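Examining the three-dimensional arrangement
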Amino acid sequence: MSSKVERKKRVFSGVQPTGQIHIGNYVGAISLWVENQDLYDNIFCIVDLHSLTIPENVSPEYLRKKVREVAALYLACGIDPEKSTIFVQSHVPEHAELTWLLNCVTPMGWLERMTQYKTKAADMETVGTGLFDYPVLMAADILLYDTDLVPVGDDQKQHIEITRDIAQRFNHLYGEVFKIPDGLFRESGARIMGLDNPEMKMSKSLGEVKKRHSIGILDSADDIRDTIMRATTDSNMETRFEYASPGVKNLLVLYQVMTNSSKEEVEDHFRGKNYGALKKELVEVVIERLRPIQEKYKEIVEEEGYLDNILNRGKERAKEIAAVTLQRAKEHMGLI
Ligand code: ATP
Ligand code: LTN
């Protein structure tokens, strides 16, 4: 009898070490990684090279601090280093090298169409080549690990699409080198909106400069209470997902994901109540959900050497896989 063991599907994802990590990042990405951790072979990266694409936002001291903060937050949120590989993108130079190879098969027109690039570049006086090339570096991240699934928030859909396109174009030109990955998104909670403005996605960069835009994972109970109680809603009292105003719907989605409930359970729970009750309950739910994460975070950053140890192990494992894929790509291209 054949005893072929099926390998677990591989998951790859990452967060940039810039801005204030918020519950949108937690709900849309990190908590999804944690929930699926036993199902897959997981690789989670701190994408520091991506953070350099807007150099005005990152001083060297800031970057050094933030890389450690994000790594500690991954662990505090429940990423288990025995089940998942955690590493820093710049520690594995294969990412930068594969980016060059992929650049050479990526038409500029594809990059010009990226909405994230257009939005970010619109506010800038000079736009660096790195910002334009951001999606190609992201494609390299994903393709280096023969990734099956990429769990992210829905703002990343276009980047997953272009990753697939780049991989297909490369394979067409040079032969089967890359696996074609799929995105993995939450059905509810893939796009958490700003609490000050439910028309805009909750964002890390805005969260750092605007009060009451977002809830940081490390925010105090008082700040959480203040932000939720003052969240923008309107006079529509509906607490059903379909009929609620955008601000209330956002709170309902947060409540749903933070309590691991279904939409029906949430609607039943709030039937006959107004959004004042929803806000009050959400405050408690968020504080309780974040409390153990904040406690664990504190322990992790206080334990000398713990984080470095995990990041070093992660680097070794990531490098082992990445080197093989990069070599395969180079051989197919005729680089000797
Ligand atoms: P910025 O808006 O400052 O560019 P960001 O908040 O999008 O930053 P990223 O590091 O770019 O943060 O994203 C990390 C992960 O969190 C990605 O998977 C992204 O899709 C997800 N994510 C970001 N914002 C949200 C959101 N508002 N709702 C759900 N998921 C989100
Ligand atoms: N662009 C992503 C961060 C990112 C990423 C990745 C996510 C960089 N490389 C690879 C998944 C897989 C963002 O969230 N802004």
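For the structure itself, look to the data block above.
So, here is what we can say about the structure in this document. (Residues numbered from 1 in each chain as written. Chains lettered and ligands numbered in written order. Predicted model: local features only at pLDDT ≥ 70, side-chain atom pairs only at ≥ 80, totals over all residues. Heavy atoms only, no water.)

Some points on a negative patch on the surface
Worth spelling out the cut-off: Patch definition: residues above 30% relative accessible area lacking any salt bridge, with like charges linked at up to 9 Å and the nonpolar side chains Val, Leu, Ile, Met, Phe, Trp and Tyr linked at up to 5 Å. Surface accessibility follows the Shrake-Rupley procedure with a 1.4 Å probe radius. Residue values consider only the protein chains on display as shielding. In what follows, salt bridge is the name for a side-chain nitrogen of Lys or Arg lying within 4 Å of a carboxyl oxygen of Asp or Glu. Counted as positive: Lys and Arg. Counted as negative: Asp and Glu, with His and the chain ends omitted from the count. Every charge is mapped to an atom, namely NZ of Lys, CZ of Arg, CG of Asp or CD of Glu. Where helices and strands are cited, they refer to DSSP runs of H or I of at least four residues and of E of at least two residues respectively, numbered from the N terminus. Each residue gets one of three labels from its accessible area relative to the maximum for its type: buried under 20%, exposed over 50%, partly exposed in between, using a 1.4 Å probe on protein chains only.
A cluster of acidic residues, Glu-295, Glu-299, Glu-302 and Glu-303, forms a negative patch on the protein surface. The topology assignment puts Glu-303 in the loop between α13 (275-302) and α14 (306-333). Using a relative accessible area of 47% as the deciding quantity, one classes Glu-303 as partly exposed.

Considering the site of ligand 1
The criterion, for reference: Being near a molecule or strand, for a residue, comes down to having at least one heavy atom within 4 Å of it. Whenever a nitrogen or oxygen atom comes within 3.5 Å of another N or O atom, the pair is scored as a polar contact, on the condition that within protein one atom can donate a hydrogen and the other can accept it, and that pairs from neighbouring residues in sequence are kept only if both atoms are in side chains.
Around ligand 1 there are 21 residues in total, and Asp-155, Ile-192, Lys-201, Lys-204 and Ser-205 lie nearest to it. Taking Gln-16, its main chain carries an N or O atom lying 3.3 Å from an oxygen atom of ligand 1. Contact between ligand 1 and Met-202: a nitrogen atom at 3.0 Å from a main-chain N or O atom of the residue. When ligand 1 sits alone it has 600 Å² of accessible area, and the protein chains cover 94% of it.

Structural notes on helix α4 (residues 94-103)
Turn by turn, an α-helix covers 3.6 residues, leaving residues three or four places apart pointing in a common direction. The condition is simple: Here the arc refers to the directions that run from the helix axis out to each C-beta atom. What makes two residues a contact is simply this: any of their non-hydrogen atoms within 4.5 Å.
Within α4 the residues assigned to the buried category are Glu-94, His-95, Leu-98, Thr-99, Leu-101 and Leu-102. Here the buried residues of α4 occupy an arc of 165° about the axis, which is enough to place them on one side. On its buried face, α4 is in contact with β1 (10-15), β3 (84-88), α7 (129-143), α8 (157-174) and α14.

A closer look at the pairing of strand β2 (residues 41-46)
Heads up, the condition is: A pair of strands counts as paired when DSSP detects no fewer than two bridges linking them.
Counting buried positions over the 6 residues of β2 gives 6, a clear majority of the element. Residues Asp-41, Ile-43 and Cys-45 of β2 are buried on one face, and the alternating residues Asn-42, Phe-44 and Ile-46, pointing to the opposite face, are buried as well. Pairing analysis gives 6 bridges linking β1 to β2, with the strands arranged parallel. Residue pairing across strands places Val-11 opposite Asn-42, the latter belonging to β2.

Examining the packing of α7 against α8
Rule in force here: Fitted lines through C-alpha atoms serve as axes, helices being fitted only where they are in contact, and the angles separating the N-to-C directions of these axes extend from 0 to 180 degrees. The cut-offs work like this: below 35 degrees is roughly parallel, past 145 is roughly antiparallel, 65 to 115 is roughly perpendicular, and the gaps in between are oblique. Only Asp, Glu, Lys and Arg are considered charged, only Ala, Val, Leu, Ile, Met, Phe, Trp, Tyr, Cys and Pro nonpolar, and every remaining residue, Gly among them, polar.
Contact geometry for α7 and α8: axes closest at 9 Å, N-to-C directions at 70°. It follows from the interaxial angle that α7 and α8 lie roughly perpendicular. Here Tyr-134, Pro-135, Val-136, Met-138, Ala-139, Ile-142 and Leu-143 of α7 come into contact with α8, specifically with His-159, Ile-160, Ile-162, Thr-163, Ile-166 and Ala-167. Split by residue class, the contact of α7 with α8 holds 11 nonpolar, 2 polar and no charged.

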